[in-house]
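What follows is each chain in one-letter form.
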Amino acid sequence: QVELVQSGGGLAQAGGSLRLSCAASGLTPENDGIGWFRQAPGKEREGVACISRSDESTYYVDSVKGRFTISRDNAKNTVYLQMNSLKPEDTGVYYCATVRTVVGGNQFYGMDHWGKGTLVTVFS
């Protein structure tokens, strides 16, 4: 059974930082990557960042490039999302999920398993 357990999130002032964690267990080879997604109020869920298990390649949506960093600790089977220079538009519920493939450098497909999400609120 695949399980993704999230931690982190909370309240931050614009320009501040937060770090999210996703501890994964029971992964299969098909689920090569772990990605972070977010859903802002009134908007569709979007992929934010992804990191592969096979080669540790990383991918980011344009709006977070240079501000967010995805990384992994293989010993702990944990993926992190370090969010710096936060903006109010970063507000939303953040989810981690397994990812099968990445297309075009920022389009993620095959999210078979999801964490329960955590709320990130950025105020100005």
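Above this note sits the structure.
All values reported here derive from a predicted model rather than from experimental measurement.

Engineer: Quick rundown of the nonpolar core? Include the residues and the values.
Structural biologist: Ranked by internal contacts, the top residues of the largest apolar core, which has 24 residues, are Trp-36, Phe-68, Ile-70, Leu-81 and Met-83. When contributions to this core are tallied by element, the ones reaching two or more residues are β3 (18-25), β4 (33-39), β5 (46-52), β7 (68-73), β8 (78-83), β9 (92-99) and β12 (118-123). Top contributing element to this core by residue count: β3, with four residues. Other than its neighbours up to four places away in sequence, Phe-68 contacts Arg-38, Val-48, Tyr-60, Leu-81, Gln-82, Met-83, Asn-84, Leu-86, Asp-90 and Tyr-94. Among the nonpolar cores identified, the runner-up in size contains five residues, and Phe-37, Cys-50, Val-99 and Phe-108 belong to it.

Engineer: Help me get a handle on the side chain of Thr-78, residues and values and all.
Structural biologist: Along the polypeptide, Thr-78 turns up in strand β8. Here Lys-76 takes part through its backbone oxygen, which lies 2.9 Å from a polar atom of the side chain of Thr-78. Ignoring any residue separated from it by four or fewer positions in sequence, one finds Thr-78 in contact with Ser-21, Cys-22, Ala-23, Ser-71, Arg-72 and Asp-73.

Engineer: Go over the pattern of salt bridges, please, and point to the residues and values.
Structural biologist: Summed over the entire model, instances satisfying the criterion amount to five salt bridges. The salt bridge involving Asp-62 is made with Lys-65; its shortest N-O contact spans 3.0 Å. Classification of Asp-62 by relative accessible area gives exposed; the value is 55%. Assessed through its relative accessible area of 49%, Lys-65 is described here as partly exposed. Ionic pairing is found between Asp-112 and Arg-100, a salt bridge with its closest N-O pair at 2.7 Å. In this pair, Asp-112 sits in the loop between β11 (107-109) and β12 while Arg-100 sits in the loop between β9 and β10 (101-103), placing the two residues twelve residues apart along the sequence. Several salt bridges converge on common partners, so that one network encompasses Arg-38, Glu-46, Arg-67 and Asp-90.

Engineer: Quick one: what's the story with the state of the cysteines, residue by residue and with numbers?
Structural biologist: In this structure the tally under the stated criterion is one disulfide. Two residues, Cys-22 and Cys-96, share a disulfide whose sulfurs are 2.2 Å apart. One disulfide, between Cys-22 and Cys-96, carries an S-S torsion of 70° and so falls in the right-handed class. Placement of the pair is Cys-22 in strand β3 and Cys-96 in strand β9, with a sequence separation of 74 residues. Residue Cys-22 is classed as buried on the basis of its relative accessible area, which comes to 1%. On the basis of relative accessibility, which here comes to 0%, the residue Cys-96 falls in the buried class.

Engineer: An account of the sheet that holds β9 is requested, with residue identities and associated values reported.
Structural biologist: Strand order in the open sheet formed by six strands is β2-β12-β9-β4-β5-β6, and the pairing between neighbours is mixed. Sheet topology places β2 (10-13) and β6 (58-60) at the edges, where each strand pairs with a single neighbour. Neighbour-to-neighbour, the strand axes of the sheet open up by a mean angle of 25°, direction not taken into account. Strand direction decides the pairing type here: β5 and β6, joined by three bridges, are antiparallel. The residue of β6 that forms the bridge with Cys-50 is Tyr-59.

The rules behind each value
- Residues numbered from 1 in each chain as written.
- Predicted model: local features only at pLDDT ≥ 70, side-chain atom pairs only at ≥ 80, totals over all residues.
- Heavy atoms only, no water.
- Core = buried A, V, L, I, M, F, W, Y, C linked by side-chain atoms within 4.5 Å.
- Buried < 20%, exposed > 50% of the residue type's maximum accessible area, 1.4 Å probe, protein only.
- Helix = DSSP H or I, 4+ residues; strand = E, 2+ residues; numbered from the N terminus.
- Contact = heavy atoms within 4.5 Å.
- Polar contact = N/O pair within 3.5 Å; in protein donor to acceptor, adjacent residues only side chain to side chain.
- Salt bridge = Lys/Arg side-chain N within 4 Å of Asp/Glu carboxyl O.
- Disulfide = S-S within 2.5 Å.
- Pairing = 2+ DSSP bridges.
- Axes fitted to C-alpha atoms, helices over the stretch in contact; angles between N-to-C directions.

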